[in-house]
Structure formats: structure tokens, C-alpha cells
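As a plain string of letters, each chain reads:
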Amino acid sequence: MKRFMILAALSATLMTSGCVTINGAEGEVAWHGEGAQPFAAARDTCRASTGQGQLGEAFRECMAAKGWTRSLVL
């Protein structure tokens, strides 16, 4: 039983540590990051440094430098 609990905990950790996705509603932008900086901090830093929203090219490049890519939710 102890071996099973350890295996279950390890499996849960591995399944949740691989990729982070911040999804939007239909027609909005979704951000995906693997090994990326925390989303809220990256977003706030990029907004402040570029003065642009999520659809601006400079904002997208800033987020990419922090490990985040975007796609449009259809």
C-alpha cells in the first residue's frame, strides 16, 4: 500500500508539472508555457514595458522571451 501511495503521488506530480495553459473564452487569446515564468508576473512586466495589450507584437515577443506563446481560442 505504501508503494502504491508513493507511485500515485509521483505520478500526480509529473502530470501537473509538464505544461501550463492559460485558456481564454472563444475568440480570446490563450497562452501556453512550459517551464515559463509565472504568468501573472510575466504579463504585468510585459504590459508595463511595452505599453501594449495581449494582441500587440511587442507584447507577444516579450511574453515569448519569458517562455509563453499565444494562440487564438476558436
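This structure is a prediction, so every number in the text was calculated from the model and none was measured.

## Let's talk about the side chain of Lys-66
Turning to step 1, where the next piece is worked out: Position of Lys-66 relative to the elements: it lies in the loop between α3 (57-65) and β3 (68-72).
Turning to step 2, where the next piece is worked out: Salt bridges are absent for the buried Lys-66, whose nearest opposite-charge side chain, Asp-44, sits at 11 Å.
Turning to step 3, where the next piece is worked out: In contact with Lys-66, other than residues within four places in its own chain, are Ala-36, Gln-37, Ala-42, Thr-45 and Cys-46.

## Describing the environment of Gln-37
Turning to step 1, where the next piece is worked out: Position of Gln-37 among the secondary structure elements: in the loop between β2 (29-33) and α2 (39-50).
Turning to step 2, where the next piece is worked out: Through-space distance from the C-alpha of Gln-37 to that of Ala-65 is 9.6 Å; in sequence the pair is 28 residues apart.
Turning to step 3, where the next piece is worked out: Aside from chain neighbours lying at most four places away, what touches Gln-37 is Lys-66 and Trp-68.

## Regarding α2
Turning to step 1, where the next piece is worked out: Taking 1.5 Å per residue, 12 residues should reach 16 Å; α2 reaches 16 Å between its end C-alpha atoms and fits that length.
Turning to step 2, where the next piece is worked out: Regarding α2, the residues found buried are Phe-39, Ala-42 and Cys-46. For α2, the arc enclosing every buried residue in end-on projection is 70°, short of the 170-degree limit, so these residues lie on one face.
Turning to step 3, where the next piece is worked out: One or two residues past the end of α2 sits Gly-51, with phi positive at roughly 70°.

## Topic: the environment of Thr-45
Turning to step 1, where the next piece is worked out: As for its placement among the helices and strands, Thr-45 is situated in helix α2.
Turning to step 2, where the next piece is worked out: Through-space distance from the C-alpha of Thr-45 to that of Phe-59 is 9.6 Å; in sequence the pair is 14 residues apart.
Turning to step 3, where the next piece is worked out: Looking at Thr-45, its side chain comes within polar contact range of the main-chain oxygen of Ala-41, at 2.9 Å.

## Considering the packing of aromatic side chains
Turning to step 1, where the next piece is worked out: Tallied over the full model, the rule gives three aromatic pairs.
Turning to step 2, where the next piece is worked out: Both rings, one in Trp-31 and one in Phe-39, keep their centres 6.5 Å apart while their planes meet at 50°; by these two values the pair is tilted.
Turning to step 3, where the next piece is worked out: A residue is classified by how much of its surface remains accessible, and Phe-39, at 14% relative accessible area, is buried.
Turning to step 4, where the next piece is worked out: Considering the side-chain rings of Trp-31 and Phe-59, the 5.9 Å spacing of their centres and the 70° angle between planes classify their relative orientation as edge-to-face. Of the two residues, Trp-31 is situated in strand β2 and Phe-59 in helix α3; the sequence distance between them amounts to 28 residues. Note on accessibility: Trp-31 and Phe-59 belong to one class, buried.
Turning to step 5, where the next piece is worked out: What links up through ring pairs into an aromatic cluster is the set Trp-31, Phe-39, Phe-59 and Trp-68.

Cut-offs applied
- Residues numbered from 1 in each chain as written.
- Predicted model: local features only at pLDDT ≥ 70, side-chain atom pairs only at ≥ 80, totals over all residues.
- Heavy atoms only, no water.
- Helix = DSSP H or I, 4+ residues; strand = E, 2+ residues; numbered from the N terminus.
- Buried < 20%, exposed > 50% of the residue type's maximum accessible area, 1.4 Å probe, protein only.
- Lys, Arg positive; Asp, Glu negative; His and termini not counted.
- Salt bridge = Lys/Arg side-chain N within 4 Å of Asp/Glu carboxyl O.
- Contact = heavy atoms within 4.5 Å.
- Expected span 1.5 Å × (residues − 1).
- Arc of directions from axis to C-beta.
- Polar contact = N/O pair within 3.5 Å; in protein donor to acceptor, adjacent residues only side chain to side chain.
- Phe/Tyr/Trp six-rings, centres within 6.5 Å; stacked < 30°, edge-to-face > 60°.

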